[in-house]
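Structural overview
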Amino acid sequence: MELNKYQRAAVLDESDACIVNAKVGSGKTTVLISKVLYLHEVKHISYDKMIVLTFTNKAADEIRERLLAQSGNCMFEGFGTFHSVALYLLREKLPIEELGYKPEFAVITPEEEEELALELIKEQKLKIKYQNRLKKRLEQEREPYENGSREPRYQDDLFLLMRLLGQEKLKRNEFTFRDIIRVTNYLLKKELQSGTGRLDFHPEWLIVDEVQDCDAIQIEFLTLLKQYGASFFAVGDPNQVIYSWRGSSSRIFYRLKDEFHARELSLPLNYRSSNVILEAAKHFQQNADDLTGTREFGDLIVVKNQYNSFQEANDLAVQIHLLAKRGIPYREIAIFYRLQSQSEQLEKVFATEEIPFEVSVKKTVQDVPILNWFLKKMKQDCQNRELFAGAPWKTERAIEVLDVSAQEIYDFLNVNEHLRQNSVGYQDEREQILAMLDRMLRYAKEQHLTLIDGFRQFLNSSALYGINILQKEVDMAEDSVKLMTLHASKGLEFSYVFIIGVNYGLIPLRTQDFEEEDEERRLFFVGMTRAKDHLELSYYTNPDLPRVAEGASRYIQMIPQHLIQDESRSDAAKEFTTDGRVDLQKMRKEVEKSDTMHTLAALFGAANTPTVGANADEAAPRRVRHEKYGVGVIVGEDENMIEAEFENYGKKEFMKMFSELEML
DNA sequence: CGCATGTGGATTTTT
DNA sequence: TCCACATGCG
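To start, this report covers the structure provided alongside it. (Residues numbered from 1 in each chain as written. Chains lettered and ligands numbered in written order. Predicted model: local features only at pLDDT ≥ 70, side-chain atom pairs only at ≥ 80, totals over all residues. Heavy atoms only, no water.)

This part takes up the protein's contact with DNA strand B. The local shell around DNA strand B holds 21 residues, among which Asn57, Lys136, Arg246, Gln340 and Leu509 are the closest. Here DNA strand B approaches the protein such that, of its atoms within 4 Å, sugar and phosphate make up 57%. Here a phosphate oxygen of DNA strand B sits 2.4 Å away from a polar atom, N or O, in the main chain of Asn57. Contact distances for DNA strand B include 2.8 Å between a phosphate oxygen and a side-chain N or O atom of Thr485. Of the residues belonging to the surface near DNA strand B, the class tally is eight nonpolar, seven polar and six charged. (Near = heavy atom within 4 Å. Polar contact = N/O pair within 3.5 Å; in protein donor to acceptor, adjacent residues only side chain to side chain. Nonpolar A, V, L, I, M, F, W, Y, C, P; charged D, E, K, R; others polar.)

With that settled, consider unusual backbone geometry. In this chain, Ile507 is followed by Pro508 through a cis amide linkage whose omega measures 0°. Residue placement: Pro508 occurs in the loop between strand E15 (494-499) and helix H19 (514-528). For Arg547, which is not glycine, the phi dihedral falls at a positive 65°. Structurally, Arg547 is set in the loop between strand E16 (531-540) and helix H20 (554-557). The exposed category is assigned to Arg547, whose relative accessible area is 66%. (Helix = DSSP H or I, 4+ residues; strand = E, 2+ residues; numbered from the N terminus. Buried < 20%, exposed > 50% of the residue type's maximum accessible area, 1.4 Å probe, protein only.)

Turning our attention to the packing of helix H1 (residues 5-12) against helix H2 (residues 28-41). Two packed helices can be described by the angle between their axes and the distance between those axes. One can describe the packing of H1 onto H2 by two numbers: an axis separation of 9 Å at closest approach and a directional angle of 40°. In terms of their interaxial angle, H1 and H2 are classed as oblique. Like other packed secondary-structure pairs, H1 and H2 cross with a definite hand, here right-handed. Of the residues in H2, those touching H1 at Gln7, Ala10, Val11 and Leu12 are Val31, Ser34, Lys35 and Tyr38. Class assignment of the residues belonging to the contact of H1 with H2 gives a composition of five nonpolar, two polar and one charged. (Axes fitted to C-alpha atoms, helices over the stretch in contact; angles between N-to-C directions. Parallel < 35°, antiparallel > 145°, perpendicular 65-115°, else oblique. Left-handed = near helix turned anticlockwise from the far one by under 90°. Contact = heavy atoms within 4.5 Å.)

Counting 58 residues, the largest nonpolar core has Ile335, Phe350, Ile499, Met528 and Leu537 as the members making the most contacts within it. Not counting chain neighbours up to four residues away, the residues in contact with Phe350 comprise Ala313, Leu316, Ala317, Ile320, Ile335, Ile355, Phe357, Val481 and Leu483. (Core = buried A, V, L, I, M, F, W, Y, C linked by side-chain atoms within 4.5 Å.)

Okay, structure coming up:
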């Protein structure tokens with residue numbers, strides 16, 4: 001992609017604080033990366049004077065990968081999620097001993113904190129209401145407690161519990177996710193006020209992704225970092241706030257702009273969706289402003305009425321078979337819904353229909369009981385510095401113990417003693433623990449740490465990351481249909497998007513107040529704008545979920561009629577329907593024996609197929625050489641950027657001003 | 001303790 | 001709307 005004038009303005013902006021209102025699909029990440037490169041290459045800001053903050057690990061990984069592709073290895077002062085950067089400051093920069101913490105602290109998950117709280121309740125005989133929702137109460141009432149509220153929501157000992165919990169965590173040398181940032185803020189503030197300047201910490205640039213998702217303490221963190229002398233550059237979209245139920249707010253974007261006296265720039269050009277989709281989506285924006293399409297008009301949005309979720313799943317199966325026949329890769333098809341439970345019906349039908357699919361459900365190590373137990377045990381054990389004293393291997397330095405195996409550590413720690421060796425699952429459990437130990441060992445080696453420090457750091461960062469050792473993440477490159485909630489769809493794009501269950505009670509969900517209703521609208525906006533070429537919305541006449549009203553949601557009425565192609569049932573399905581059931585066998589046979597394209601044209605009308613890899617430039621290719629990627633061919637160019645394709649690395653973009661390419 | 005009555009939450013999920 | 005839990009009364 002090449003930088004347009006808005007993107008360029010953001011990259012070249014000179015203000016001390018700048019906040020970029022990046023609309024959906026406007027190249028937000030490209031701008032962020034270009035900004036980092038620009039600061040480094042042109043403004044000669046050293047990477048170790050920059051802090052790059054993201055909200056999720058996924059975003060951090062994507063940015064890291066793209067940066068690496070353009071600039072090789074760069075060492076930032078801080079890079080990653082808010083939590084991992086704060087963790088780094090606690091570990092390397094801040095005097096946590098002054099508060100009574102020890103350097104070998106551990107990070108605990110909300111589940112572990114809840115467990116600790118339950119122990120305290122029992123021990124101290126506290127009266128706590130709604131103990132079945134304790135985790136949620138601890139999360140939701142923490143902020144009022146910290147801000148000095150007198151009384152908890154219900155008349156009980158919750159605030160006393162929080163105080164005791166605080167003492168206990170300090171005693172045990174443990175941090176919750178929230179504590180990581182709160183304690184960091186506290187110490188940063190204290191150092192600033194003391195004015196001693198003894199902290200070895202002088203960030204010059206603070207670069208923030210998805211800034212609209214910050215909660216109150218994350219904003220405080222940013223404010224403090226800025227007070228250490230950093231200039232501020234943030235990108236975000238107030239129309240994509242879909243996590244306000246846990247602390248962010250659609251106003252945060254503008255609040256930050258005010259507080260930092262930041263210059264607001266806008267990236268209005270959407271490169272992703274057809275104009276039909278974009279026009280429709282605009283009606284769900286909070287502040288109808290300058291979101292502008294760059295593509296053709298495109299296919300009308302299909303609105304379809306289904307009897308219930310079973311019929312819908314069958315109809316989708318038919319459509320997907322047809323799309324596959326037409327050569328559309330499965331990976332370009334996605335189905336979004338409001339509730340996790342809605343995937344069940346689809347999974348059943350797709351499995352029998354042999355449609356390759358992946359369901360995006362977040363599973364962590366906590367879903368594997370044995371690993372959950374083992375990691376918790378290791379977290380406790382690793383607080384003891386002498387854990388590996390008397391070990392048979394010669395030295396503790398991991399870099400020198402390449403010959404220490406996971407098995408040796410397993411034996412030394414006597415893990416077998418804790419397992420039921422006669423149980424059916426024993427072999428499996430042993431192997432899982434060995435695999436985990438192996439991974440921890442590798443981590444210690446890579447980080448050049450001693451065994452115990454390596455293990456401890458691995459455990460802390462894995463509390464933040466989750467560990468995806470056993471079940472692979474949903475792989476976007478995998479050629480399968482993706483099923484996910486509207487929330488999970490944020491940041492992704494597909495050629496064909498089906499949003500199902502557009503009934504009142506699901507989309508939008510029944511809400512308490514206007515704020516929540518606004519969020520439902522933003523959520524639908526996020527879902528629609530994932531679609532590049534084709535968007536289909538369906539609703540039930542006879543919904544099988546409780547609290548869901550029959551008939552089209554008013555969100556469907558909010559879309560202008562001229563953008564909609566209304567179909568009571570798809571023609572495709574109708575032709576092969578007998579007694580209300582779709583005969584998929586018959587349909588498949590028909591499609592196979594007939595001239596595919598002809599049949600499909602009849603069924604779908606002359607839909608436009610997305611062009612894949614069509615290269616406009618047929619002239620003799622210009623060749624370039626790059627230090628790392630070797631010889632490649634120029635495939636795109638404007639006054640600032642140049643795009644080249646390399647045999648083993650694919651397409652890469654470069655800023656011309658850095659002249660990394662040698663023309664051949 | 002059993003029963004009637006009252007209240008509030010359900011869903012999405014990153015670190 | 002329905003369900004689980006809290007509270008109050010006999």
